[in-house]
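# Summary of the model geometry
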Amino acid sequence: MRNKYKGVISGYRKAIKVIESCRDLHQLKGANNYINNFLHQYSKETNEKLGKKYLIESEEFISSAYQRLRSKYRERKEMLSL
């Protein structure tokens, strides 16, 4: 399993570093883009649309990693907003 997700794990670690390196809210916007790109990189679009955008599918491992990144992002945003 580890070999299957080797790229995902290294991408996840990089995303954590990106989030932790943010020193202001402007930099955090870039981290938000990075996190979203992480999800899109390891997911696939479906034929279903929600508004103007296509829905994506991802494995549970990817979704879980993405949710943890979103949580880290929110924590960092709270800290920088003080």
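## What to know about the environment of Thr46
Mapped onto the elements of the fold, Thr46 is located in strand β1 (residues 44-50). Given the relative accessible area of 15%, Thr46 is considered buried. Between the alpha carbons of Thr46 and Lys29 there is a distance of 27 Å; along the sequence they are 17 residues apart. Excluding anything up to four places from it in sequence, Thr46 contacts Tyr54, Leu55, Ile56 and Glu57.

## Thoughts on the environment of Asn32
As for its placement among the helices and strands, Asn32 is situated in helix α2 (residues 25-41). Taking C-alpha positions, Asn32 is 12 Å from Gln67, a pair spaced 35 residues apart along the chain. If near-sequence neighbours (up to four positions away) are discounted, Asn32 is found in contact with Arg70 and Tyr73. A polar contact of 2.5 Å, which involves the side chain of Asn32, links it to the side chain of Arg70.

## Here we look at the side chain of Arg70
Counting through the fold element by element, Arg70 comes out in helix α3 (residues 60-81). In this structure, Arg70 is buried with no salt-bridge partner, the nearest side chain bearing the opposite charge being Glu75 at 12 Å. Among the polar contacts made by the side chain of Arg70, one reaches the side chain of Asn36 at a distance of 3.5 Å. The contacts of Arg70, once residues within four sequence positions are left out, are Asn32, Ile35 and Asn36.

## Some details on α2
Here α2 is 17 residues long and its end C-alpha atoms lie 24 Å apart, about the 24 Å a rise of 1.5 Å per residue gives. Looking only at α2, the buried set comprises Leu28, Ala31, Asn32, Ile35, Phe38 and Leu39. All buried residues of α2 fall inside an arc of 120 degrees around its axis, so they share one side. Facing away from the buried side of α2 by over 90 degrees, the exposed positions are His26, Lys29, Asn37 and Gln41. Next to the buried residues of α2 lie α1 (6-21), β2 (53-57) and α3.

About the thresholds
- Residues numbered from 1 in each chain as written.
- Predicted model: local features only at pLDDT ≥ 70, side-chain atom pairs only at ≥ 80, totals over all residues.
- Heavy atoms only, no water.
- Helix = DSSP H or I, 4+ residues; strand = E, 2+ residues; numbered from the N terminus.
- Buried < 20%, exposed > 50% of the residue type's maximum accessible area, 1.4 Å probe, protein only.
- Contact = heavy atoms within 4.5 Å.
- Polar contact = N/O pair within 3.5 Å; in protein donor to acceptor, adjacent residues only side chain to side chain.
- Lys, Arg positive; Asp, Glu negative; His and termini not counted.
- Salt bridge = Lys/Arg side-chain N within 4 Å of Asp/Glu carboxyl O.
- Expected span 1.5 Å × (residues − 1).
- Arc of directions from axis to C-beta.

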